[in-house]
Amino acid sequence: MRIMVLGGDGFCGWPTALRLSRDGHEVTIVDNLSHRRIDGELGVESLTPIADIDERLAAWQRVSGRSIAFRNVDIAQDYDGLRSLLSEVDPDAVVHFAEQRAAPYSMRNSATKRYTIDNNINATHNLLVALVELDLDAHLVHLGTMGVYGYSGDGFEIPEGYLDVSVSNTEGQAATRCILYPTQPGSVYHLSKSLDQLLFQFYARNDRLRITDLHQGIVWGTQTEETRLDDALVNRFDYDGDYGTVLNRFLVEAVNGYPLTVHGSGGQTRAFINIQDTVRCVALALAHPPPRGERVRIINQLAETQSVKGVAELVASITGAQLAHVDNPRKEAESNSLQASNQTFRTLGLEPILLRDALLNETLEVVERFKHRFNPDVVPARSLWTRENRPGVLPDPIGGGAS
Ligand SMILES: NC(=O)c1ccc[n+]([C@@H]2O[C@H](COP(=O)([O-])OP(=O)(O)OC[C@H]3O[C@@H](n4cnc5c(N)ncnc54)[C@H](O)[C@@H]3O)[C@@H](O)[C@H]2O)c1
C-alpha cells in the first residue's frame, strides 16, 4: 500500500513508519517537526539522543535498503500543501498522529490551550476536507485516546466507542439509539480528541469516508525491532513535566536515585500499552479497513489498566526506589476504577505485552544507557489545571537531604 504517516517523526509515528516500510509499504512521512520545536521552547530534550529526520531516513535506507519519503508540511496551517501532497501520493491509507499530544502542555496557559485546539482540530479537519475534495478513498486511521471516555469508574466495562441507550418518546414508548460514548475530557488536549470524534462521525456519514479511530492508552516503552537496528533510529523518550508520561518519569527517577513522584494518592487508574503493540495495532487496523459507508470504526487500543501507585510499586519492586507523594497539578479524582474492552484487537490476534512481563529488560536498559543525559530540573509538572492547584515538587535525591 501507499501509506502517508502524518506526525511520522514523533514517538508513535516514527516506529510505525519504520514497521510499515519494513512490511513493504511505500511510506511518506509528513511532519512539521513541531514536537522538536516545542522541546526547544520548553528547554527539554528526549533522554535518548534523537537524530534529525534526514539522518534517521538515511540510516533506515542503510540498514533496510528501503526508502521513506519525508515532507515538512504543517497540516493545520497549510491546507494547500496538504491537499497537493495527498493528490501527488494518492495514498491507500493515511495514519494520522499529527497533533499536539501533551495534556499538561495543553493546560499550561492561554496560548497553549489555543494552540492545541487550533492545531489539532484544523489538522484533522483539513485532512478530512482534502480527502473529500480530492475524492480519495484512502482509509484514515487516527490516533485518539482512552482519555476521551473520562475516568468516572462506575464499575462497568467501557465499550469501544459506542453506547446503546434507551429513551422514552412522548407516548412513553421506548426508543433505542446507538450513540458515541459520551466524552468527559480531562484537559484541553483530551477535549481536542473529543471534538475530533464528532468530525469523524460527520465525515463518515456525510461523505462515506472510511475512518478508524484508535482510542489509545498511555504508551510506554521506547524501542521496537526496527528502531533498535541503528543508533540513529532510536525512538524518543520524553520524561519532562509536559510530555513525559508517568512511567517514563518513574523510570528516570528510579535509575537516577530519586524517589518516584506519585501525584496525589496515586489511585488514578489509567490504560497502558507498549509502543511495540501500538505499532502492531496500527498495522492490524490498516489491514482491516471498514467498508465505505460504515460509521467511524472505534477501537480501544490498550493492553491493561493499572493505578499510578501500582505502576510506581512495580518500578520500585524492580529498582529498589522509594515512593514520594507530591501535590497533583491536575484536576481529577483521587482514585478511580477503569475497565475497558479491547475485544477488537484481541479478536484480530493481539497478545499484548504487559508491564509486569517486559518492564525490566527493555525500557530500563534504555534509561540506564542514557542516564548521563538526565536533567532533574525538567521533571516536575509545572502546568496547573486550576489556579488553586499547586505544582508538584521533585524531592531531593535519595540520601541527598530532605525528601
Ligand atoms: N504517547 C502516548 O502515550 C499517546 C497516548 C494516546 C494517544 N496518543 C496519540 O498518538 C498520536 C501521536 O502521539 P506521540 O506520542 O507520537 O506524539 P508526538 O508529539 O511525539 O508526535 C506527534 C508528531 O506530530 C507532529 N505534528 C503535530 N502537529 C502537526 C501539524 N500541524 N502538522 C504536521 N505535523 C504535526 C509533531 O511534530 C510530532 O512529530 C497523538 O495524536 C496522540 O494524541 C499518544
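Structure first, text after, so check above.
The structure displayed is predicted, hence computed values, not measured ones.

*Asks:* How should the packing of aromatic side chains be read in this particular structure?
*Replies:* Scanning the model with the defined rule gives five aromatic pairs in all. With a centroid separation of 5.2 Å and 90 degrees between ring planes, the pair formed by Tyr-149 and Tyr-181 is classed as edge-to-face. A residue pair is termed long-range when its members are at least 10 positions apart, and Tyr-149 in the loop between strand 5 (139-145) and strand 6 (157-158) and Tyr-181 in the loop between strand 8 (174-180) and helix 7 (188-206) qualify at 32 residues. Using a relative accessible area of 2% as the deciding quantity, one classes Tyr-149 as buried. Pairwise contacts between aromatic rings join Tyr-239, Tyr-258 and Phe-374 into one cluster. For the cation-ring pair, Arg-295 lies above Tyr-162, with the distance from its terminal atom to the ring centre recorded as 3.6 Å.

*Asks:* Mind showing me how you'd approach the sheet that holds strand 12 (residues 269-274) here?
*Replies:* As a general point, the strands of a sheet are linked pairwise by backbone hydrogen bonds and lie either parallel or antiparallel. In spatial order, the strands read 10-12-14; together these three strands make up an open sheet with mixed pairing. Two strands bound the open sheet, and with one partner strand each, they are strand 10 (218-220) and strand 14 (304-307). Across the sheet, the mean angle separating the axes of adjacent strands is 45 degrees when strand polarity is ignored. Of the strand pairs in this sheet, strand 10 and strand 12 are connected by three bridges, and their pairing is parallel. Opposite Trp-220, over in strand 12, you have Asn-274 as the bridge partner. Sheet strands touched by helix 9 (residues 275-287): strand 10 and strand 12. Its angle to strand 12, the strand with the most contacts, is close to 75 degrees.

*Asks:* Just checking my understanding: could you explain the sheet that holds strand 4 (residues 93-96) for this structure?
*Replies:* Strands sit in the order 3-2-1-4-5-9-13 across an open sheet of seven strands; the sheet is parallel. The open sheet is flanked by strand 3 (69-71) and strand 13 (297-301), the only strands paired with a single partner. Strand-to-strand twist across the sheet, computed as the mean angle between neighbouring axes with direction ignored, equals 20 degrees. Where strand 5 and strand 9 (residues 210-216) come together, seven bridges link them in parallel fashion. The partner of Thr-145 across the bridge, within strand 9, is Gln-216. Across the sheet, helix 4 (residues 79-89) touches strand 1 (2-6), strand 2 (26-30), strand 3 and strand 4, and the angle it forms with strand 1 is around 155 degrees. Packed onto the sheet, helix 7 meets strand 5, strand 9 and strand 13 and runs at close to 150 degrees relative to strand 5.

*Asks:* Please explain helix 9 as it appears in this structure.
*Replies:* Helical periodicity: at 3.6 residues per turn, an α-helix aligns residues three or four positions apart in one direction. Taking 1.5 Å of rise per residue, the 13 residues of helix 9 would be expected to cover 18 Å, and the 19 Å separating its terminal C-alpha atoms lies within 8% of that figure. In terms of burial, helix 9 is a largely internal element, 11 of the 13 residues being buried. Listed as buried for helix 9 are Ile-275, Gln-276, Asp-277, Thr-278, Val-279, Cys-281, Val-282, Ala-283, Leu-284, Ala-285 and Leu-286. Among the residues of helix 9, the N-terminal cap falls to Asn-274, whose side-chain oxygen and the backbone nitrogen of Gln-276 are separated by 2.8 Å.

*Asks:* Sorry, what's going on with the side chain of His-139 here?
*Replies:* Looking at the secondary structure, you find His-139 in strand 5. Here His-139 falls in the buried class, since its relative accessible area comes to 1%. Among the polar contacts listed, one links the side chain of His-139 to the side chain of Thr-212, at a separation of 2.7 Å. If we ignore the near neighbours within four places in the chain, the residues touching His-139 are Asp-92, Ala-93, Val-94, Arg-210, Ile-211, Thr-212, Ala-285, Leu-286, Pro-289 and Pro-290.

*Asks:* Before we go on, may I ask you to explain the environment of Ile-121 in this structure?
*Replies:* Residue placement: Ile-121 occurs in helix 6 (residues 110-133). The class of Ile-121 is buried, set by a relative accessible area of 18%. For Ile-121 and Leu-199, which are 78 residues apart along the polypeptide, the C-alpha to C-alpha distance reads 8.7 Å. Sequence-distant contacts of Ile-121, that is, excluding residues within four places in its chain, are made with Thr-116, Ser-192, Leu-195, Asp-196 and Leu-199.

*Asks:* How should I be thinking about the site of the ligand in this particular structure?
*Replies:* Within the structure, the ligand sits among 28 residues, and Asp-31, His-35, Arg-101, Tyr-189 and Lys-193 are positioned closest to it. A distance of 2.6 Å is found between an oxygen atom of the ligand and a side-chain nitrogen or oxygen belonging to Arg-101. The protein chains hide 97% of the 830 Å² of surface that the ligand would expose on its own. Contributing elements (two or more residues each) for the shell around the ligand: helix 2 (34-42), strand 5, helix 7 and strand 10. Here the shell around the ligand is composed, by residue class, of 12 nonpolar, nine polar and seven charged.

*Asks:* For this particular structure, what's the right way to read the packing of helix 1 (residues 13-22) against helix 3 (residues 53-64)?
*Replies:* For any two helices packed against each other, one specifies the inter-axial angle together with the distance between the axes. Axis separation between helix 1 and helix 3 bottoms out at 12 Å; the angle between their running directions is 25 degrees. Considered as vectors, helix 1 and helix 3 are oriented roughly parallel to each other. As helix 1 packs across helix 3, the resulting crossing turns out to be right-handed. Judged by residue contacts, Trp-14, Leu-18, Ser-21 and Arg-22 of helix 1 engage Ile-53, Arg-56, Leu-57 and Trp-60 from helix 3. The residue makeup of the contact of helix 1 with helix 3, split by class, is five nonpolar, one polar and two charged.

Reading guide: rules and limits
Residues numbered from 1 in each chain as written. Predicted model: local features only at pLDDT ≥ 70, side-chain atom pairs only at ≥ 80, totals over all residues. Heavy atoms only, no water. Phe/Tyr/Trp six-rings, centres within 6.5 Å; stacked < 30°, edge-to-face > 60°. Helix = DSSP H or I, 4+ residues; strand = E, 2+ residues; numbered from the N terminus. Buried < 20%, exposed > 50% of the residue type's maximum accessible area, 1.4 Å probe, protein only. Lys NZ or Arg CZ within 6 Å of the ring centre and 35° of its normal. Pairing = 2+ DSSP bridges. Axes fitted to C-alpha atoms, helices over the stretch in contact; angles between N-to-C directions. Contact = heavy atoms within 4.5 Å. Expected span 1.5 Å × (residues − 1). Polar contact = N/O pair within 3.5 Å; in protein donor to acceptor, adjacent residues only side chain to side chain. Near = heavy atom within 4 Å. Areas by Shrake-Rupley, 256 points an atom, 1.4 Å probe, with all protein chains shown as cover. Nonpolar A, V, L, I, M, F, W, Y, C, P; charged D, E, K, R; others polar. Parallel < 35°, antiparallel > 145°, perpendicular 65-115°, else oblique. Left-handed = near helix turned anticlockwise from the far one by under 90°.

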